[in-house]
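# Topology and contacts: notes
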Amino acid sequence: MKKHIVLLPGDGIGAEVIQSAKQVLWAIAEEFNHEFTFESRDIGGTAVDTHGTPLPDETVAACQQADAILLGAVGGPKWDSLPSHLRPEKGLLGIRKALNLFANLRPVKGYPKLLHASPLKEEVVKGSDLLIVRELIGGLYFGTPSERRDKGQSVVDTLAYSRQEITQIVDKAFKSAQLRRHHLTSVDKANVLESSKLWREIVEEKKADYPDVKVDHLLVDAAAMKLITNPGQFDVIVTENMFGDILSDEASVLTGSLGMLPSASLREDGVGLYEPVHGSAPDIAGQGIANPLAMILSTALMLRHSFQLEDEAHLIETAVQAVLDDGYHTADLQIPDGQKIGTSHMTALIVELIKSQSATKSILNCYV
Ligand SMILES: NC(=O)C1=CN([C@@H]2O[C@H](COP(=O)(O)OP(=O)(O)OC[C@H]3O[C@@H](n4cnc5c(N)ncnc54)[C@H](O)[C@@H]3O)[C@@H](O)[C@H]2O)C=CC1
Ligand SMILES: CC(C)CC(=O)C(=O)O
Ligand SMILES: [Mg+2]
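Note that residues are indexed from 1 along each chain, following the sequence as it is written. Key to labels: chains lettered from A, ligands numbered from 1, both in the order written. Only residues with pLDDT of at least 70 get local features here, since the model is predicted, and only at 80 or more are side-chain atom pairs given and counted; chain-wide, interface and lining totals rely on the full set of residues.

Under an unreviewed UniProt entry, the name given to the protein chain is 3-isopropylmalate dehydrogenase, and the organism recorded is Sediminibacillus albus.

See the structure below:
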């Protein structure tokens, strides 16, 4: 299979983890006879420095031509005092909007070896396996007006959603639940917010189209509590943009580190942008110690969702599990009797396993 992938390394550890993704994809291409071509483009603070904007037109144009996009992360203290239209985060929001990537899938999976890497009790974390479906191009992060007023003495942000925007993400979440354990929890703040009341109404209406899916509603404050006290009650969570942003970082505690959560940002036709849930981690950038697994697992999501390469995606996920099972971990994770390694060593181990496991598979196929 021939595919063209645009890489958006961005800022901080973004460039370090994108390098890991590329190496993993080279290994997959070699083992499975695919031809992946790569093109790197600027976004975020790096783009502000070189192009004077966090989202250059040529970056958008390249992404529009791509079969899929991998993004590292954007932002950092260097750009924190810029006016809001020049903030690196505007580049990320802008590319999501420009490509109409309305559905952000954030799987949260606990690995057996990481049970003690979480500060939560083993019996709470054990078997964690849920999917957060976050609306990605509406709500507070995009509403207008969003501005300072009265010479900086007051401020306004706007939370707006249309029926169509809510319906498309709710539909996506119901379909995701049908592919999993048929249980959808819709998270809102319907006791206070008009947007949440409409959200809840639409989920109730849509239920009739998906009779095989059990539906619950939770207010976001209680959902935040239940996520880390009884995660086993969740299968698929659907929620609006900002709630999903916050709940997914919280959910990462179940896995032991923010460095473990991948994500897929999708639209209906399968085009997608794949990125770790974490940010640019300026506190550890440039030290070679970032956990590349969230980014590597995001490449597996790319192979699955954009290219329908399930075997290849599964092989990456198996390699991640195997490396962790062997006790290897980056500094963000604590594994009793584990071996702490850096970003490039972790990447090399995954690549090695991909090569040896796919070799084993082809030998076995010869005897079938
Ligand atoms: N998708 C994106 O590009 C995002 C960008 N940001 C931006 O990133 C910058 C830093 O934001 P923070 O609030 O510090 O969030 P962050 O996610 O960058 O880091 C939070 C904490 O988690 C750690 N961490 C994150 N990813 C890690 C990894 N792969 N391996 C090991 N440790 C990891 C960091 O070292 C830090 O202690 C800000 O400019 C923010 O706006 C934040 C979130 C998402
Ligand atoms: C620019 C932010 C909304 C990025 C972020 O925190 C996220 O998407 O998780
Ligand atoms: Mg976030």
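Next up on the list: the site of ligand 2. We call a residue near a molecule or strand when its C-beta atom, built from the backbone, sits within 6 Å of it. For ligand 2, the full set of nearby residues is E89, L92, L93, Y141, D245 and V277. When grouped by side-chain class, the residues that make up the shell around ligand 2 number four nonpolar, no polar and two charged. Classes in brief: Ala, Val, Leu, Ile, Met, Phe, Trp, Tyr, Cys and Pro nonpolar; Asp, Glu, Lys and Arg charged; the others, Gly included, polar.

Where each domain begins and ends is defined by an automated method or by a domain database. Domains assigned within the protein chain are domain 1 (1–104 + 261–368) and domain 2 (119–255). Averaged C-alpha coordinates put domain 1 and domain 2 at centres separated by 24 Å. Once C-beta atoms are placed from the backbone, any two residues with those atoms within 7 Å are in contact. Each partner contributes residues to the interface: domain 1 has 11 residues there, and domain 2 has 15 residues. Secondary structure is summarised from DSSP: a helix means a run of H or I of at least four residues, a strand means a run of E of at least two, and numbering begins at the N terminus for each. Secondary-structure elements contributing two or more residues to the side of domain 1 that touches domain 2 are α4 (88–98) and β4 (103–109). No other element matches α4, which puts three residues into the side of domain 1 that touches domain 2. Within the side of domain 1 that touches domain 2, the residues separate by chemical class into six nonpolar, three polar and two charged.

Let's shift gears to the UniProt feature "binding site: substrate" (unreviewed entry) in the protein chain. UniProt positions are given in the numbering used here, feature names are shortened, and annotations may be inferred rather than shown by experiment. Those residues carrying the UniProt feature "binding site: substrate" (unreviewed entry) are R96, R106, R134 and D221 in this numbering. These annotated residues cover 126 residues of sequence, and their C-alpha atoms reach 26.8 Å apart at the extremes, leaving them scattered rather than at a single site. Checked against the element boundaries, R134 lands in strand β5 (residues 129–135). Here exposure depends only on C-beta density: within 10 Å of a residue's C-beta, 20 or more other C-beta atoms make it buried, 12 or fewer make it exposed, and intermediate numbers make it partly exposed, the C-beta atoms being placed from the backbone. For R134, a count of 28 C-beta atoms within 10 Å corresponds to the buried category. Each residue touching R134, except ones within four places of it in the same chain, is listed here: N104, R106, T239, N241, G244, D245 and S248. With respect to the helices and strands, D221 occurs in helix α8 (residues 220–229). Among the residues examined, D221 registers 11 C-beta atoms within 10 Å and is labelled exposed.

Attention now moves to the UniProt feature "domain: Isopropylmalate dehydrogenase-like" (unreviewed entry) in the protein chain. The residues that UniProt annotates with the feature "domain: Isopropylmalate dehydrogenase-like" (unreviewed entry) are residues 4–350. Along residues 4–350 the backbone is 41% helical and 20% strand, and the end-to-end C-alpha distance reaches 23 Å.

Whether two strands pair comes down to DSSP finding at least two bridges between them. With mixed pairing, the 10 strands of this open sheet are ordered in space as β2-β1-β3-β12-β11-β4-β5-β10-β8-β9. Each edge of the sheet is formed by a strand with only one pairing partner; in this case those strands are β2 (35–40) and β9 (214–219). Across this sheet, the average inter-strand angle for adjacent strands is 25°, counted without regard to direction. Of the strands in this sheet, β4, β5, β8 (183–188) and β10 (236–239) touch helix α9 (residues 241–255), which is tilted by about 160° from β5. Fitting a line to C-alpha atoms yields each axis, with helices limited to the stretch in contact; the angle taken between N-to-C directions then spans 0 to 180 degrees.

In terms of strand pairing, strand β1 (residues 2–10) meets β2 through six bridges, oriented parallel. In the strand pairing of β2, H4 is matched with T37. By convention, orient the strands away from the viewer: a clockwise path from the first strand over the helix to the second makes the crossover right-handed. Once you follow β1 into helix α1 (residues 14–32) and on to β2, the crossover reads as right-handed.

Viewed as axis vectors pointing N to C, helix α10 (residues 293–305) and helix α11 (residues 310–325) meet at an angle of 160°, and their least axial separation amounts to 7 Å. Here α11 runs roughly antiparallel to α10, going by the angle between their axes. Crossing angle aside, the handedness with which α10 passes α11 is left-handed. The segment α10 lies against α11, with L293, I296, L297, T299, A300, L303 and R304 engaging E310, E312, A313, I316, E317 and V320. Partitioned by chemical class, the residues of the contact of α10 with α11 number eight nonpolar, one polar and four charged. Convention used here: angles under 35 degrees read as roughly parallel, angles over 145 as roughly antiparallel, angles from 65 to 115 as roughly perpendicular, and any remaining angle as oblique. By convention, the crossing between two helices is left-handed when the near helix turns anticlockwise from the far helix through less than a right angle, and right-handed when the turn is clockwise.

A few words on α10. Each residue after the first adds 1.5 Å to the expected span of a helix. For α10, built from 13 residues, the straight-helix expectation of 18 Å at 1.5 Å per residue is met to within 8% by its first-to-last C-alpha distance of 18 Å. Most of α10 is tucked away: 12 of the 13 residues are buried. Of the residues making up α10, those classed as buried are L293, A294, M295, I296, L297, S298, T299, A300, L301, M302, L303 and R304.

Attention now goes to the nonpolar core. Core analysis: the biggest nonpolar cluster contains 99 residues, and V24, I69, L70, V133, I350 and I354 have the highest contact counts within it. In this structure, this core is formed jointly by two domains, domain 1 (1–104 + 261–368) and domain 2 (119–255), each of which donates at least three residues. Definition of nonpolar core: a set of buried Ala, Val, Leu, Ile, Met, Phe, Trp, Tyr and Cys residues joined via C-beta atoms within 7 Å.

With that out of the way, let us pick up the confidence of the model for the protein chain. pLDDT gives the predictor's per-residue confidence on a scale running from 0 to 100. Taken over all residues, the pLDDT of the protein chain has a mean of 96, while the share at 70 or more is 97%. ipTM for the predicted complex: 0.99, alongside a pTM of 0.97.

Burial of β10 is two-sided: the residues V236 and V238 facing one way and the residues I237 and T239 facing the other way are all buried. Note that β5 and β10 share four bridges and pair parallel. If you follow R134 over to β10, its bridge partner there is T239.

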